[in-house]
Amino acid sequence: MILPIYTYGDEILKKQCYDVDLNNKDEINILVNNMFETLKSADGVGLAAPQIGKSLNLFIIDISSEYDFFSFKEVFINPKILDKSQEKESNIEGCLSVPDIKEKIDRHSWIKLEYYDSNFVKQIKEFKGLQSVVIQHEFDHLYGVLFISR
């Protein structure tokens, strides 16, 4: 089911989110499937739970449809940044919750993240490049930060 995307000005986009209860796997799987359908419909690369009205520490990424040479699709449940580079990179970003605006944003070149994946298995991975940028953008949503605040 395609869900409505909340936009700039909606209060939920300013709130810090709560951890997902990992015992509600069926409910979370339905939500994640709806989020992927919503993301595809909106032609985006990432979507965080607050953007669809849920104050949950959850976001998804699907960069595979955007780039033929690169494929990355992942679910991030209760993510925590464990480490990050001192070096930063500037990239042009946009956001489904702030339509028609793009800005140059500085992000850490790489991050190390702990999270639960779509199978509810704990992962610890490092991400760099486009993956790192999109993850940091979506991670910000979990703390009520929009890219235009940066």
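Fair warning: this is a prediction, and the values are worked out from it, not measured in the lab.

Q: Before we move on, can you summarise a nonpolar patch on the surface with the specific residues and values?
A: On the surface, a cluster of nonpolar side chains totalling about 290 Å² of accessible area is made up of Tyr8, Ile101 and Ile148. Judged by its relative accessible area of 34%, isoleucine 148 is partly exposed.

Q: Describe the pairing of strand S5 (residues 98–108), naming the residues involved and giving the relevant values.
A: By the bridge criterion, seven bridges tie strand S4 (residues 88–95) to S5 in an arrangement that is antiparallel. Across the sheet, the residue bridging to glutamate 89 is arginine 107, located in S5. Between the antiparallel neighbours S4 and S5 lie two residues.

Q: An account of the environment of valine 75 is requested, with residue identities and associated values reported.
A: Structurally, valine 75 can be placed in strand S3 (residues 73–84). As a C-alpha pair, valine 75 and asparagine 119 span 44 residues in sequence and 9.0 Å in three-dimensional space. For valine 75, the contacting residues outside a window of four places in its chain are Val32, Phe36, Leu58, Phe59, Ile60, Tyr115, Tyr116, Asp117 and Ser118.

Q: I'd like to hear about the pattern of salt bridges, residue by residue, with values.
A: In the structure shown here, the tally under the stated rule is five salt bridges. Between glutamate 11 and lysine 14 there is a salt bridge, with the nearest N and O atoms lying 3.4 Å from each other. We note a salt bridge from lysine 125 to glutamate 74, for which the minimum N-O separation is 4.0 Å. One end of the pair, lysine 125, is in strand S7 (residues 122–128); the other, glutamate 74, is in strand S3, and 51 residues separate them in sequence. Using a relative accessible area of 34% as the deciding quantity, one classes lysine 125 as partly exposed. Using a relative accessible area of 13% as the deciding quantity, one classes glutamate 74 as buried. Salt bridges sharing common partners tie together Glu93, Arg107 and Asp140.

Q: Please give an account of helix H1 (residues 25–42) that cites residues and values.
A: Compared with an ideal rise of 1.5 Å per residue, which puts 18 residues at 26 Å, H1 spans 25 Å between its outermost C-alpha atoms and is within 8% of the ideal. Buried within H1 we find Ile28, Leu31, Val32, Asn34, Met35, Phe36, Thr38 and Leu39. The secondary structure elements touched by the buried residues of H1 are strand S1 (46–48), strand S2 (58–62) and S3. Remark: aspartate 43 follows H1 within two positions and exhibits a positive phi of approximately 60°.

What counts as what
- All residue numbers refer to positions counted from 1 along the written sequence of the respective chain.
- Given that this is a predicted model, residues contribute local features only at a pLDDT of at least 70 and side-chain atom pairs are listed and counted only at 80 or more, while totals for whole chains, interfaces and linings are drawn from all residues.
- As a rule here, side-chain values come from all non-hydrogen atoms in the structure, and water together with hydrogens is ignored.
- Patch building starts from residues that exceed 30% relative accessible area and form no salt bridge, then joins like charges within 9 Å and nonpolar side chains (Val, Leu, Ile, Met, Phe, Trp, Tyr) within 5 Å.
- Each accessible area value is a Shrake-Rupley result obtained with a 1.4 Å probe; residue values ignore everything except the protein chains displayed when judging cover.
- Salt-bridge detection follows one rule: a side-chain nitrogen of Lys or Arg within 4 Å of a carboxyl oxygen of Asp or Glu.
- Burial classes follow relative accessibility: with a 1.4 Å probe on protein chains only, a residue under 20% of its type's maximum area counts as buried, one over 50% as exposed, and anything between as partly exposed.
- Strands qualify as paired when DSSP identifies two bridges or more between them.
- Secondary structure counts use DSSP, requiring at least four H or I residues in a row for a helix and at least two E residues in a row for a strand, with both numbered from the N terminus.
- Note on contacts: a residue pair qualifies if any of its non-hydrogen atoms lie within 4.5 Å across the two residues.
- Here a helix's expected span is defined as the number of its residues, less one, multiplied by 1.5 Å.

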